[in-house]
Every structure is written in structure tokens, then in C-alpha cells.
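# Chains, contacts and geometry: an overview
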Amino acid sequence: MSKTSFESSSTPFFKSLKAKVNHYFSQTGKSRNGGPALFFKGLGLILSAIAVYFILVFYSPHWIIAVLLCAVFGANLAAIGFNVMHEGGHGSFSKHKWINSVSAYSLNIMGGTIHFWKQKHNIDHHTYTNIDGMDHDIDIKFMRMHEEQQRKNHHRFQQYYWILLYGVSYIAWVLYQDFEKYFSGKMGRDGKKIKIDFREHLIFWVTKLGYISIYLLLPVLMLGFAKALIGFIIAAVVCGFTLSIVFQLAHVVEGTSFPENINGKIQNEWAVHQISSTANFATRSKLAYFFLGGLNFQVEHHLFPGISHVHYPKINEFVKETCKEFDICYLEHRTMLKAFVSHLSHLKKLGITN
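The structure reproduced in this document is the subject of the present report. (Residues numbered from 1 in each chain as written. Predicted model: local features only at pLDDT ≥ 70, side-chain atom pairs only at ≥ 80, totals over all residues. Heavy atoms only, no water.)

### Focus on the overall build of the chain
Quick reminder of the rule: Every helix listed is a DSSP run of H or I at least four residues long, and every strand listed is a run of E at least two residues long, numbered separately from the N terminus. Burial status follows relative accessibility: with a 1.4 Å probe on protein chains alone, a residue under 20% of its type maximum counts as buried, one over 50% as exposed, and anything between as partly exposed. Whether two residues are in contact is decided by their heavy atoms: any pair within 4.5 Å suffices. All accessible-area figures derive from a Shrake-Rupley calculation using a 1.4 Å probe, and residue coverage is judged against the displayed protein chains alone. For the purpose of counting charges, residues Lys and Arg are taken to be positive, whereas Asp and Glu are taken to be negative. His and the chain ends are not included. Note that the charge is assigned to NZ on lysines, CZ on arginines, CG on aspartates and CD on glutamates.
Of regular secondary structure, the chain possesses 14 helices and 4 strands. C-alpha atoms of the chain, sized along the principal axes, occupy 60 × 55 × 45 Å. Counting every position in the chain, which comprises 354 residues, the buried fraction comes to 50%. For the chain, the proportion of contacts with a sequence separation of at least 24, taken over those separated by at least 6, is 71%. When the accessible surface of the chain is totalled, it reaches about 17400 Å², and 65% of it is carbon and sulfur. Side-chain charges of the chain comprise 35 positive and 23 negative groups, with the mean position of each set lying 5 Å from the other.

### Re the environment of I315
As for its placement among the helices and strands, I315 is situated in helix α13 (residues 312-325). As for I315 and L303, which are separated by 12 residues in sequence, their C-alpha atoms are 9.9 Å apart. Filtering out sequence-adjacent residues up to four positions away, I315 remains in contact with V21, E300, F304 and I307.

### Some points on the packing of helix α8 (residues 198-223) against helix α9 (residues 225-251)
Keep this limit in mind: Only the stretch in contact is used when a helix axis is fitted, and all axes are lines through C-alpha atoms; the angle between N-to-C directions ranges over 0 to 180 degrees. Angle categories are assigned with fixed cut-offs, so that under 35 degrees is roughly parallel, over 145 is roughly antiparallel, 65 to 115 is roughly perpendicular, and the rest are oblique. Should the near helix be turned anticlockwise from the far one by less than a right angle, the crossing is left-handed, and should it be turned clockwise, the crossing is right-handed. Any residue outside Ala, Val, Leu, Ile, Met, Phe, Trp, Tyr, Cys, Pro, Asp, Glu, Lys and Arg is labelled polar, Gly included; the first ten of those are nonpolar and the last four are charged.
Put simply, α8 and α9 touch, their axes get as near as 7 Å, and they point 140° apart. By the angle between their axes, α8 is oblique relative to α9. In the packing of α8 onto α9, the handedness of the crossing is right-handed. Residues Y211, Y215, L216, P219, V220 and L223 of α8 form the contact with α9, whose own contacting residues are F225, K227, A228 and F232. Grouping the constituent residues of the contact of α8 with α9 by class yields 9 nonpolar, no polar and 1 charged.

### Re the nonpolar core
Let me state the cut-off plainly: Here the nonpolar core consists of buried residues drawn from Ala, Val, Leu, Ile, Met, Phe, Trp, Tyr and Cys, with membership extended through side-chain atoms lying within 4.5 Å.
Ranked by internal contacts, the top residues of the largest apolar core, which has 49 residues, are F73, Y166, Y170 and F281. Of all the secondary-structure elements, those providing two or more residues to this core are α2 (35-59), α3 (63-89), α7 (158-184), α8, α9 and α14 (336-352). Contact partners of F73, with chain neighbours within four places excluded, come to A49, V52, Y53, L56, Y215 and A235.

### Some remarks on the pattern of salt bridges
Filter applied, for reference: Each reported salt bridge corresponds to a side-chain nitrogen of Lys or Arg within 4 Å of a carboxyl oxygen of Asp or Glu.
Taken as a whole and assessed by the stated rule, the structure comprises 8 salt bridges. Note that E321 and K20 form a salt bridge whose closest N and O atoms lie 2.8 Å from each other. With E321 in helix α13 and K20 in helix α1 (residues 12-28), this residue pair connects regions lying 301 residues apart in the sequence. Judged by its relative accessible area of 40%, E321 falls in the partly exposed class. Among the salt bridges present, the one from E332 reaches K320, with a minimum N-O distance of 3.3 Å. Pair noted here: E332 is in strand β4 (residues 332-333) and K320 is in helix α13, with a separation of 12 residues, a long-range link. Each of K20, E321 and E325 takes part in salt bridges that share partners, so that together they form one network.

### What about the packing of α2 against α8?
Two elements in contact, α2 and α8, have axes whose closest approach is 8 Å; the angle formed by their N-to-C orientations is 35°. Packed against α2, whose contacting residues are Y53, L56, V57 and F58, the element α8 presents I214, L218, P219, M222 and L223 at the interface. A per-class count over the contact of α2 with α8 returns 9 nonpolar, no polar and no charged.

### A short note on a nonpolar patch on the surface
Filter applied, for reference: Without a salt bridge and with relative accessible area above 30%, a residue can belong to a patch; like charges are then joined within 9 Å and nonpolar side chains (Val, Leu, Ile, Met, Phe, Trp, Tyr) within 5 Å.
Where nonpolar side chains cluster on the molecular surface, the patch consists of F39, F40, L43, I46, L47, I50, F54, I55, F58, Y59, L221 and M222 and spans about 1200 Å² of accessible area. Every element with two or more residues in the nonpolar patch is listed here: α2 and α8. When you line up the elements, L43 lands in helix α2. For L43, a relative accessible area of 36% puts it in the partly exposed group.

### Comments concerning the state of the cysteines
What counts is decided by this rule: Any two cysteine sulfur atoms within 2.5 Å of one another count as a disulfide.
One pass over the full model with this rule turns up 0 disulfides. The thiol of C329 is unpaired, and the distance to the nearest cysteine sulfur, on C323, comes to 8.5 Å. On the basis of relative accessibility, which here comes to 65%, the residue C329 falls in the exposed class.

### Comments concerning the side chain of S277
Quick note on the threshold: Distance and chemistry together define a polar contact, namely a pair of N or O atoms within 3.5 Å, with one atom able to donate a hydrogen and the other to accept it when in protein, and with adjacent residues in sequence counting only for side-chain atoms on both sides.
Checked against the element boundaries, S277 lands in the loop between α10 (270-276) and β3 (280-281). For S277, a relative accessible area of 0% gives the class buried. In this structure the side chain of S277 is engaged in a polar contact, spanning 2.8 Å, whose partner is the backbone oxygen of H273. Among the polar contacts made by the side chain of S277, one reaches the main-chain carbonyl oxygen of Q274 at a distance of 3.4 Å. Leave out the neighbours within four places in its chain, and S277 touches T129, N130, A250, H251, T256 and S257.

### What about the packing of aromatic side chains?
Threshold: Classification of ring pairs rests on two measures: the distance between centres of Phe, Tyr or Trp rings, Trp counted by its six-membered ring, which must be within 6.5 Å, and the angle between planes, read as stacked under 30 degrees, edge-to-face over 60 and tilted in between. Lysine NZ or arginine CZ positioned within 6 Å of the ring centre and within 35 degrees of the ring normal marks a charge as sitting over the ring.
Per the counting criterion, the structure on display carries 26 aromatic pairs. Ring plane angle 85° and centroid distance 5.8 Å describe the contact between Y289 and F297, whose orientation is recorded as edge-to-face. Ring pairs connect the aromatic residues Y53, F54, F58, F73, Y170, Y211, Y215 and F232, which therefore count as one cluster. The cationic tip of K41 hangs over the ring face of F290; the distance from NZ or CZ to the ring centre is 4.2 Å.

### Here we look at α1
Along an α-helix, residues three or four apart share an orientation, since each turn contains 3.6 residues. Selection criterion: Here, expected helix span is obtained from the residue count minus one, scaled by 1.5 Å. This arc is built from the directions going out from the helix axis to the C-beta atoms.
Counted at 1.5 Å a residue, the expected span for α1 with its 17 residues is 24 Å, and the 25 Å between its end C-alpha atoms agrees. Listing the buried residues of α1 in full gives F13, F14, L17, K20, V21, Y24 and F25. Seen end-on, α1 carries its buried residues on one side only, within an arc spanning 130°. Turned more than 90 degrees away from the buried face of α1 sit K15, S26 and Q27, all of them exposed. Residues of α1 that are buried make contact with α10, α12 (298-303) and α13. Remark: G29 follows α1 within two positions and exhibits a positive phi of approximately 75°.

Okay, structure coming up:
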């Protein structure tokens, strides 16, 4: 895979925006990380997940309550991913490097592999957002996410079967796709080989064996095979669906760009590319902001991934102001529902047109 670069001869937009953001932190004296508020929020999310797990596995509540708690557990895992793992993986959870590292490894507790995630997300997705063959997050089996991808007959039904694929995405990620990455050494079909040293080999297998033991074997021993499997599927589907929807509403909606890689060159400066390929949604919703760890402010996150989401509402003001100054289109859906409808319309269009 050839190296891809962005227009760099003139970057006035991002220089102006960074100056405003830097001035804000300099003037207020605020830290760029999450601080104590995010730490206690993350701790609360982790403790609540542990409590729900223990109730389900060791106290076996009535099946109606168990079903609800399994759904809550899945949503809780997603919230930990948004607020703890994601921030730790970007180094913005805390000013202490070791706390960021521990936070990032919460992904391994949930069955994922932080070593793979950092390559796939921090490097590939955040650098080459929505670029075919480089952003592996838009390379989803059985789905056509943008016009550069070849249209196949089954894609005309993707506006209907998306719910199944998004639902199984977490299970596929943890129990199949990570193994694909491990044995191939690549993040995607066109990805470059990555180095996996002895330590990462060990962590990978401890993670997978620990996940199967905690999430499947122990529940089977305590509850029986049927109850444990049903509970696992409910939690995993809720988690996978939640994670998938948040990503899709941020990048795969009407209006976001999927720029063509022409001879290894993208015809925009990196920051403008990030804005054109990303969309915000429901930024006025305090509930969405709390649960999603600020990922509804996806534009701000892509421009400043090393800054905690607790600052995104303020940075949002600077981004909109600077976009207006430079006449750059800023895409935002007022509600999550409107973003969701836009995503489905996008899938429908790609499924029926070449």
C-alpha cells in the first residue's frame, strides 16, 4: 500500500483554529485531560458493570429482570468503551500516563485488543478517515458504505439487514476479527503488516482466554448453558449495536465525504478533510453527551483527539466560528434520530445505485 499524504502547502484553517484552542487553555489554565470528574465517572461505570455481572451470574434474578439487566450490561460495556477505554487509548483520560494505559486496557477486559485498536483507530481511522482501503472502519463485510466500493446484488437489501450486522459486530470483533488480525498481522485486507512482539502475543491470548472464561464459562457453570448463552447474546448484541450506531452516525451519513486517493494525495489539508468526512449529532443533548463520552461531538474529537471530551462543547464554539471564517461546511444533525434517518438514506442510496 502506497503512502498517502494531505495537502500541506497551505494550512491556514487549522493554524487559526489551534491558536484559538491553545489560547483558551492558556487563558483558563485548564488541563487538557478529563480530570477528577471523568475519573469518578469512569469508576462509577466500571463498578456498575461489575455489580450487574455479579447479580446476573451469582444471584440469578427472575428471567424478565435478567433480560433487562443483560441489556443494561451491554450498554454499560459500551459506555465504558466510550468514556474510559477510548479516552485512555488517546491519552486524554488523565494527566498520568499509567492511568491512561490502565484505562485503555479496559478494552482487553471487554475482550478486545488495545494493541490492535490503537493501530486501527488512532492511526488508520483518525489519519485517513473515510478513505477506502486505509480507514478499515468503513470496510464492513456485506455492506457498501461509499461509492468507491463495488456494488453487489445483495447491497440492495442493506437498508434492512444492517440491524443484524450491527448487532453481531461486537461478537464478530472479539471472537473472529481480532483473530484475523492476529494471524494475518494486518488491520484490514489492504493494511500493512504490524509488529507483534512476545509481550503482545502473551497479552492477546490471556485476554481471549480470560474473556471466554469470565463471559461464557463461569456463567455456564453457574446458570447452565442455555441461560448463559442467551444472556451473553443479549448483552453482546446491545453492546455491538450501540458501538456501531455511534460510529455510523459520525461518518456514514448523507453529506460526509469519502475522498478519492489520487496518486497517494488527498486534495485537502488534513483538518479540512476531517471536517468534511465527519458529522456531529445531538450536541445539545446532555444525556447523549454523558453516555457517549462526548463522541456526539465527533468533529471536535477528530480535530483534537488528544484533548478530553469534557472540553468539546467549548471547542465546538471555536470550530464553528473558524469554519464560518474560512467558508468550510460543518455538518451536524440536531438530533440522533435525524442522524439515524440520514444514515439509513445513505445505505439505501448506495444499495440501489452504482
